[in-house]
Amino acid sequence: MTETLLSGSEQKNTLSIRLSVDGFCFISTFPGHDDRPVEYSVNRQLPMAANFKQAQRQFDWLQESYDSVNVVLCTRRFTLVPLELFDDEQCEPLFHQAQSFRDNECIRYNVLSRSGLVLVFGIDKALLDLLEKSYPSLHISTQLGVLAEHFFVKYRFAPGRKLFVNISHSHLLLVAIDRRQVLIANTLECEQLSDRLYVILNVWKQVGMSQEDDELILGDTNEKSGDMIQELKRFIRHVSLMEPPRHYDLLVALNE
């Protein structure tokens, strides 16, 4: 089953949902509801589906009828395949070449047609069943797929190379763009400041980016990120923030 990105939906009542082990976030444009991002802390001892049921009980507007529901899944259980080499009948074998088998998992994929990639990912069966029953207009994508396709389209004609780093509590998401191609797209488990600096600078060097000419763009930063930004500026001349710096992925999904 395919979830095609960049659908260009113009429907008014839209719900965007980010699902992560670090917590959930929701943006709703339902009439009469405040459309600011709403964050929800998860109980890591419970399955994702159970956490989502609790969120639905707490926020009654999650149970409204929406024209479009965009779920952005934060996951490391994915693999990227060049579009020209992809065969949907081989979707599961391709996924399991890179990821271990799990009984409770469904395999889905996003076609990133602009960047010429297919992102194959796994999602918990119980969570998928709950989402499909709750939202008939459901569209599921991964955070990595949403941001990789968005940045590729936005910067494919821009000069120089760009490295985008989205920061969560426990992970870094990295997308490097060189005009007409995605150089790297990955998520890495990383919590400590020193580890994050090492990963970012190592990827910067790995893809051959220039400290003087290329640009590092950071997202989902907070008040604790100042030290990291200042340290990065010691090595990279052009360091900037996504606009807005928080919940950029959900805003992209909301406007698709």
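(A) Highlighting the sheet that holds strand 4 (residues 68-73). In spatial order, the strands read 3-2-1-4-8; together these 5 strands make up an open sheet with mixed pairing. The sheet terminates laterally at strand 3 (38-40) and strand 8 (138-142), the two strands that pair on one side only. If you compare each strand with its neighbour and ignore which way they point, the axes differ by 20 degrees on average. As paired elements, strand 4 and strand 8 share 5 bridges and run parallel to each other. Across the sheet, the residue bridging to Val 69 is Leu 138, located in strand 8.

(B) Representation of the nonpolar core. Core analysis: the largest hydrophobic core is formed by 57 residues, its most contacted members being Ile 17, Leu 19, Phe 26, Phe 52, Leu 131 and Tyr 135. It is helix 4 (residues 143-155) that provides the largest number of residues to this core, a total of 7 residues. Aside from chain neighbours lying at most four places away, what touches Phe 52 is Ile 17, Leu 19, Phe 24, Phe 26, Leu 127, Leu 130, Leu 131 and Tyr 135.

(C) The arrangement of the packing of aromatic side chains in detail. Inspection of every chain in the model, using the stated rule, returns 14 aromatic pairs. Ring geometry for Phe 24 and Tyr 40: centres 6.0 Å apart, planes at 20 degrees, overall stacked. Here Phe 24, found in strand 2 (residues 23-28), pairs with Tyr 40, found in strand 3; they are 16 residues apart in sequence, far enough to count as distant. By relative accessible area, Phe 24 is classed as buried at 3%. For the ring pair Phe 52 and Tyr 135, a centre distance of 6.4 Å and an interplane angle of 80 degrees mean the geometry is edge-to-face. Taken together, the residues span a long stretch of sequence, with Phe 52 in helix 1 (residues 48-58) and Tyr 135 in the loop between helix 3 (125-134) and strand 8 at a distance of 83 residues.

(D) Structural detail: unusual backbone geometry. One non-glycine residue, His 247, adopts positive backbone phi at about 60 degrees. Looking at the element boundaries, His 247 is found in the loop between strand 13 (238-241) and helix 7 (248-254).

(E) The arrangement of the state of the cysteines in detail. Per the stated rule, a full pass over the model turns up 0 disulfides. Among the cysteines around Cys 74, which has no disulfide bond, Cys 25 carries the closest sulfur, lying 9.9 Å off. Relative accessible area serves as the criterion here: at 23%, Cys 74 is assigned to the partly exposed category. No disulfide involves Cys 190; its sulfur sits 16 Å from the nearest other cysteine sulfur, which is in Cys 74. The exposure class of Cys 190 is buried, given its relative accessible area of 4%.

Reading the values: rules and limits
Residues numbered from 1 in each chain as written. Predicted model: local features only at pLDDT ≥ 70, side-chain atom pairs only at ≥ 80, totals over all residues. Heavy atoms only, no water. Pairing = 2+ DSSP bridges. Helix = DSSP H or I, 4+ residues; strand = E, 2+ residues; numbered from the N terminus. Axes fitted to C-alpha atoms, helices over the stretch in contact; angles between N-to-C directions. Core = buried A, V, L, I, M, F, W, Y, C linked by side-chain atoms within 4.5 Å. Buried < 20%, exposed > 50% of the residue type's maximum accessible area, 1.4 Å probe, protein only. Contact = heavy atoms within 4.5 Å. Phe/Tyr/Trp six-rings, centres within 6.5 Å; stacked < 30°, edge-to-face > 60°. Disulfide = S-S within 2.5 Å.

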